[in-house]
Amino acid sequence: MFRRLPDLVAADAATITVDGRTVTARAGDNVAAALLAAGLDSCRTTPVSGAARAPYCMMGVCFDCLVTIEAQGSRQACLTPVRDGMVVETQQGARKAAVP
Amino acid sequence: MTEPAITEYDAAVVGAGPAGMAAAAVAARAGLKTILLDEQPSPGGQIYRGVIGTPVPRGRILDADYWRGAKLVQEMVSTKATYVAGASVWSLSADREIAFSLGGQARMLRARHVILATGAMERPFPIPGWTLLGVMTAGAAQILLKTGGLVPSGRTVLAGCGPLLWLLASQLLSAGVTVDAVLDTTPRANRRRALRHAFAFFHSPYFRKGLGLLIHVRRRLRVISDVTSLAALGDGRLSEVAWRVGDGPEQRMAADTLLLHQGVIPNMNLAAAAGVEHVWDEAQLCWRPVVDGDGGTALAGIAVAGDGAGIAGAEIAELRGRMAGLAAVAAIGGARDGGMLRDEVDWRQQLAKYQAGRPFLDALYRPAPQFRIPEGDSIVCRCEEVTAAQVRETVGLGVTGPNQMKAFLRCGMGPCQGRLCGLTVTELIADARGRSPAEIGHYRLRPPVKPVTVDELASLPKSEAARGAVVQRSRDLATSRTRATSSGPL
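Residues numbered from 1 in each chain as written. Chains lettered and ligands numbered in written order. Predicted model: local features only at pLDDT ≥ 70, side-chain atom pairs only at ≥ 80, totals over all residues. Heavy atoms only, no water.

## Describing the overall build of chain B
Argument step 1. When helices and strands are counted, chain B shows 18 helices and 22 strands.
Argument step 2. Computed over the C-alpha atoms, the radius of gyration of chain B is 22 Å, within 12% of the 23 Å expected from 2.2 N^0.38 for a compact globule of 490 residues.
Argument step 3. Overall, chain B is about 70 × 55 × 40 Å in size when its C-alpha atoms are taken along their principal axes.
Argument step 4. Sorting the 490 residues of chain B into buried and exposed places 61% on the buried side.
Argument step 5. Long-range pairs, those at least 24 residues apart, make up 68% of the contacts in chain B between residues at least 6 apart in sequence.
Argument step 6. Taken as a whole, chain B presents about 19000 Å² of accessible surface, with 53% of it coming from carbon and sulfur.
Argument step 7. Computed over 55 positive and 44 negative side-chain charges, the separation of the two mean positions in chain B equals 3 Å. (Helix = DSSP H or I, 4+ residues; strand = E, 2+ residues; numbered from the N terminus. Rg over C-alpha atoms; globule rule 2.2 N^0.38 Å. Buried < 20%, exposed > 50% of the residue type's maximum accessible area, 1.4 Å probe, protein only. Contact = heavy atoms within 4.5 Å. Areas by Shrake-Rupley, 256 points an atom, 1.4 Å probe, with all protein chains shown as cover. Lys, Arg positive; Asp, Glu negative; His and termini not counted. Charge placed at Lys NZ, Arg CZ, Asp CG, Glu CD.)

What follows is the structure, encoded as structure tokens:
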């Protein structure tokens, strides 16, 4: 549960989609911050038990913020700056190899 | 077929926090061909995260210490050092070939001297329920503030111990956030043990700032001291925090966000995978690399600087970075002028002043064993969801160390590569076997230490260096097997 402070330094908006839903972020946000700011509590469910997880460390060491970005799975959202038009998908369980 | 050329540098620095930026600046100013690789999109490491381009306006929320980071960034970019953002280093060989990913492409470079400045990460805090939605590290909250101007809304509880917890509380208060409570887990007994070092601490630069911080925070917040037990409760999502004070009964409060912190530990994966020997530090309760006064390791031309060499804070990290830069210059023979020699004297004096204050902080904020060594269903390995009970059970079956345990439980084999479970597993096995963590050892860490796709590996030019980075060389393997302390009996 996070909110933006008022009176931040001005920045362009960046519009991304998350599971097809439009999410507005700030230019300079990383994807994890954008998800949390948009009120998205969880970005994936675990391969082992299906438990819901969300960004935990925000610095690239916990690997809990894994999402699919531009069709590439298990990308660390906290290390990826948002880009206008970016396509993000939350991940459910283990990754599956693409079947042609 | 000729081997494609790999760019060679005099000095390669990994990590653009205070130590890395200082090392790169010193090396570059002395005329060394220097490259600074960092995985974040902008410089500053974690302590100065987002200092260039933070949406938080200058003023009340982030203090002067933070903004000082901008000066260090300016210093670094004003030199001829090549700074590469978004570069994720996944391999360092003993003969100083670095493999990294940049823009989805794997690349390699070689350096005559490498300085690892990968800094620190938060100590794991494996309380019951720490994997629930709504539970994060205090550092995560700081990063969200610095990089996104985001603060927790709803009912917010901070828990743990250490200077960064108080710093975060102060920053959140300054940002107008209601912090419902700080659950302070600093063990009472620590105050007595820290007293011995109090005199030195009072005379160190930490004292005044620390005191000011505590006064600012404790006056305006509900602080609950001597917390001896903690749990995050909820069904998938945090709804309450439970705690005990001393031997007292369990108390609860509703919460939407729980921010945990009990100190930081060296981020050791790259150094360890490169073959740098690590030893157990009983004072700081973590593994730290074996380094000399300038950060040099037993591996020729490979040094570790900053918190990655042992936790000592941002100011000391910067000073050690400068020393490591100077050592690189001395090793390679760059231009050392009179100015640098005078600087070195000054740096060593400053270093001594700051170092005098550390033993007090280490003693006071030494985390209690129950928060490092969990029980029962508490999750130890977040990635593979392995519990403390499962780890203890396998010790009962005869497993003697973390590497053997991987085969039984997959504990430590998830994407974080043991970063968040390593210390817990070592201490848990030590506790279960009645041995010291030093005897138990740590996970055997190997490259790639950061994710790299098969596509990227396949697209590397097929050179000896590339093959060496992808498949750990037999020479490195032989060295790591004979090193007694790196992984205990296994």
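Don't stop here, the text continues.
## Details of the pattern of salt bridges
Argument step 1. This model, assessed by the stated rule, comprises 29 salt bridges over all chains.
Argument step 2. Among the salt bridges present, the one from Asp64(A) reaches Arg382(B), with a minimum N-O distance of 2.6 Å. Of the two residues, Asp64(A) sits in the loop between strand 5 (52–53) and strand 6 (66–69) while Arg382(B) sits in the loop between strand 21 (379–381) and strand 22 (386–387), which places them in two different chains. Both residues of the pair, Asp64(A) and Arg382(B), count as buried. (Salt bridge = Lys/Arg side-chain N within 4 Å of Asp/Glu carboxyl O.)

## Some details on the interface of chain A and chain B
Argument step 1. Chain A puts 40 residues into the contact, and the matching count from chain B is 51 residues.
Argument step 2. Carbon and sulfur atoms make up 61% of the area that chain A and chain B hide from each other, which totals about 3700 Å².
Argument step 3. Together, Met1(A), Phe2(A) and Tyr56(A) form the three largest contributors to the area buried by chain A at its contact with chain B, with a combined 22%.
Argument step 4. The tally of links from chain A across to chain B stands at 2 salt bridges.
Argument step 5. Between Arg237(B) and Asp41(A) there is a salt bridge; the shortest N-O distance is 2.4 Å.
Argument step 6. The tally of links between chain A and chain B comes to 14 residue pairs in polar contact (both at pLDDT 80 or more). (Buried area = accessible area lost by both parts, 1.4 Å probe. Polar contact = N/O pair within 3.5 Å; in protein donor to acceptor, adjacent residues only side chain to side chain.)

## Re the state of the cysteines
Residue and element names in this part refer to chain B.
Argument step 1. Counted by the stated rule, this structure contains 0 disulfides over all chains.
Argument step 2. Summary of cysteine pairing: Cys416 is not part of a disulfide, and the nearest cysteine sulfur, belonging to Cys383, is at 3.9 Å.
Argument step 3. Judged by relative accessible area, which is 4%, Cys416 ranks as buried.
Argument step 4. Free cysteine Cys421: the closest other cysteine sulfur is in Cys381, separated by 4.5 Å.
Argument step 5. Residue classification places Cys421 among the buried positions, given a relative accessible area of 1%. (Disulfide = S-S within 2.5 Å.)

## Points about the packing of helix 12 (residues 388–396) of chain B against helix 13 (residues 402–409) of chain B
Residue and element names in this part refer to chain B.
Argument step 1. Following both chains from N to C, one finds helix 12 and helix 13 inclined at 110°, their axes separated by 11 Å at the closest point. Between helix 12 and helix 13, the crossing angle belongs to the class labelled roughly perpendicular. Side by side, helix 12 and helix 13 meet where Gln390, Val391, Thr394 and Val395 of the first sit next to Met405, Phe408 and Leu409 of the second. (Axes fitted to C-alpha atoms, helices over the stretch in contact; angles between N-to-C directions. Parallel < 35°, antiparallel > 145°, perpendicular 65-115°, else oblique.)

## Quick look at the sheet that holds strand 6 of chain A
Residue and element names in this part refer to chain A.
Argument step 1. Ordered by their spatial adjacency, 5 strands build an open sheet running 3-2-8-6-7, and the pairing between neighbours is mixed. Here the strands that pair on one side only, and so sit at the sheet edges, are strand 3 (21–26) and strand 7 (72–76). When strand polarity is set aside, the average angle formed by the axes of neighbouring strands in this sheet is 40°.
Argument step 2. Sheet analysis places strand 2 (residues 13–18) next to strand 8 (residues 87–89), joined by 2 bridges and oriented parallel. Opposite Val18, over in strand 8, you have Val88 as the bridge partner. (Pairing = 2+ DSSP bridges.)

## So, unusual backbone geometry
Residue and element names in this part refer to chain B.
Argument step 1. With omega at 0°, the peptide bond leading from Pro447 into Pro448 counts as cis.
Argument step 2. Within the element layout of this structure, Pro448 appears in the loop between helix 15 (437–440) and helix 16 (454–459).
Argument step 3. Even without being glycine, Glu385 reaches a positive phi, approximately 55°.
Argument step 4. Structurally, the position occupied by Glu385 is in the loop between strand 21 and strand 22.
Argument step 5. When its relative accessible area of 14% is taken as the criterion, Glu385 is described as buried.

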